[in-house]
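# Architecture and fold: a report
Residue-level listing of the chains:
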Amino acid sequence: MTYQTIEVKKLTPHIGAEIGGVDLSRPLGNQQFQEVHDALMENLVVFFRDQHLSVDQHKAFGRLFGELVVHPASPHAPEGHPEVLVIHADENSKRVAGEEWHSDVSCDAEPPMGSILYLTEIPPVGGDTLFASMYAAYEKLSDPIKRLVEGLTAVHDGEHVYRGRYGVDDRGKVFPKAEHPLVRTHPVTGKKALYVNRGFTTRIPQLSRLESDALLEMLYRHAETPEFHCRFSWQENSVAFWDNRCVQHHAMWDYYPQRRHGHRVTIKGDKPFYRA
Ligand SMILES: O=C(O)CCC(=O)C(=O)O
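Presented here is an overview of the structure given in this document. Source: prediction; values computed, not measured. Throughout, residues of each chain are indexed from 1 in the direction in which the sequence is written. Given that this is a predicted model, residues contribute local features only at a pLDDT of at least 70 and side-chain atom pairs are listed and counted only at 80 or more, while totals for whole chains, interfaces and linings are drawn from all residues. Heavy atoms throughout the structure, all of them, feed into the side-chain values; hydrogens and water do not.

If a single non-hydrogen atom of a residue is within 4 Å of a molecule or strand, that residue counts as near it. Near the ligand the following residues occur: I87, A97, G98, H102, D104, L117, T129, W242, H249, A251, R260 and R264. Think of a polar contact as two N or O atoms within 3.5 Å of one another; within protein, one of them needs to be a possible hydrogen donor and the other a possible acceptor, and neighboring residues in sequence only count if both atoms come from side chains. The side chain of T129 places a nitrogen or oxygen atom 2.5 Å from an oxygen atom of the ligand. Its free accessible area being 290 Å², the ligand has 98% of it covered by the protein chains. Buried and open spaces are told apart on a 1 Å grid over the protein atoms alone, a cavity being a set of points where a 1.4 Å probe fits but cannot get out and a pocket being an open set with protein on both sides within 12 Å along at least five of seven lines. Residues with an atom within 4 Å of a point are the lining residues. Being in a pocket or cavity means that more than half of the molecule's atoms lie within 2 Å of its grid points. In this structure, the ligand is accommodated by the largest pocket. Those elements that place two or more of their residues in the shell around the ligand are β14 (247-251) and β15 (260-267). When residues are sorted by character, Ala, Val, Leu, Ile, Met, Phe, Trp, Tyr, Cys and Pro go into the nonpolar class, Asp, Glu, Lys and Arg into the charged class, and all the rest, Gly among them, into the polar class. Looking at side-chain class alone, the shell around the ligand contains five nonpolar, four polar and three charged residues. Reported accessibility uses the Shrake-Rupley method at a 1.4 Å probe radius. Residues are deemed covered only where the shown protein chains occlude them. Helix numbers and strand numbers start at the N terminus; a helix is a DSSP run of H or I with at least 4 residues, a strand a run of E with at least 2.

Next comes the structure, spelled out in structure tokens:
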């Protein structure tokens, strides 16, 4: 693909590109917006350096791609900005967001299309984020396994992920749970992506417990194949924008007790479907 208004430097053949020549704090022109969108579709996750965004500018960039959604569990949003998810770690942290491979809020009936993370404080070393192409993971399955998984669904549950996690009283709260096709067709590119993840997926309802656990474990390990991945090394004021419909990610918490801080906005998605 050729681009006129942005520079696109691929990180790996399967996934990830760094985009230059864009100031995300300003409204993008039609062509530049289209090219950023095309670069995301082509590379699955895109990165921007040296951005200086207010909360409103971050939200405005996200809204170019769709409505923003409020996280179903996190109570930590900046005053007046419920759509902003705070990503924070320091010497008092007991856990950080995203330490398990996952696709954001896949337990929702309509999981988010994309997420845009902007980090303003980073540790002196470490704190990378890993991204995995679920197109590549699907493509590299053998034909008999492709035939098997294409007919299946999987249950994604927020209960074990969110219950008790944020240190607030969540008694009586019901967290999202949904059943999705195990292979989903991307609504824009038409490509097929493997759609199960260690974070949220609990069960393949068409199989016995033993069969379901074994198949899911095989698929998770397959998705963890390094050649499907890219790894982003953050600098202060970097932005990562990933497409949850075809990407899983994993936050590396190797920098304790150092601080890492930023904000994420999350863009509404639609109901996953499978088209042969
Ligand atoms: O902190 C990161 O690098 C990613 C956090 C994460 O997993 C998420 O925002 O879903």
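We are not done yet, so read on.
Grid points are joined across faces, edges and corners, and a volume is the space filled by probe spheres set on the points. Going through the model one piece at a time under the given rule, you end up with one cavity of 30 Å³ or more. Considering only enclosed or pocket space, the largest cavity measures out at about 40 Å³ in volume. Considering the residues around the largest cavity, the lining is formed by W101, N197, R198, Y220, A223, E224 and Q248. Taken together, the residues of the lining of the largest cavity break down into three nonpolar, two polar and two charged.

Burial runs high along strand β6 (residues 129-133): five of the five residues are buried. Exposure is judged per residue with a 1.4 Å probe applied to protein chains only, and the accessible area is read against the type maximum: over 50% gives exposed, under 20% gives buried, and values in between give partly exposed. Burial of the side chains of β6 extends over both faces: T129, F131 and S133 are buried on one face and L130 and A132 on the other. We treat two strands as partners when DSSP finds at least two bridges between them. Sheet topology note: the β6/strand β12 (residues 229-232) ladder contains four bridges and is antiparallel. The residue bridging A132 from the neighbouring strand is H229, located in β12. Where β6 meets β14, five bridges bridge the pair, whose relative direction is antiparallel. Within β14, the position partnered with T129 by the bridge is A251.

To continue, consider the packing of aromatic side chains. Think of a pair of aromatic rings as described by two things: how far the centres are apart, and how the planes are tilted against each other in angle. The pairing test for Phe, Tyr and Trp rings, Trp by its six-membered ring, is centres within 6.5 Å, and the orientation test on the planes gives stacked under 30 degrees, edge-to-face over 60, and tilted for anything in between. Here the structure, examined in full by the defined rule, presents 12 aromatic pairs. Among the aromatic side chains, those forming a connected cluster through ring pairs are F33, F48, F61, F65 and F241. Across from the ring centre of Y138, 5.2 Å away, lies the NZ or CZ of K146, which sits over that ring. Charges are assigned to positions over rings by a cutoff of 6 Å between ring centre and Lys NZ or Arg CZ, combined with an angular limit of 35 degrees from the ring normal.

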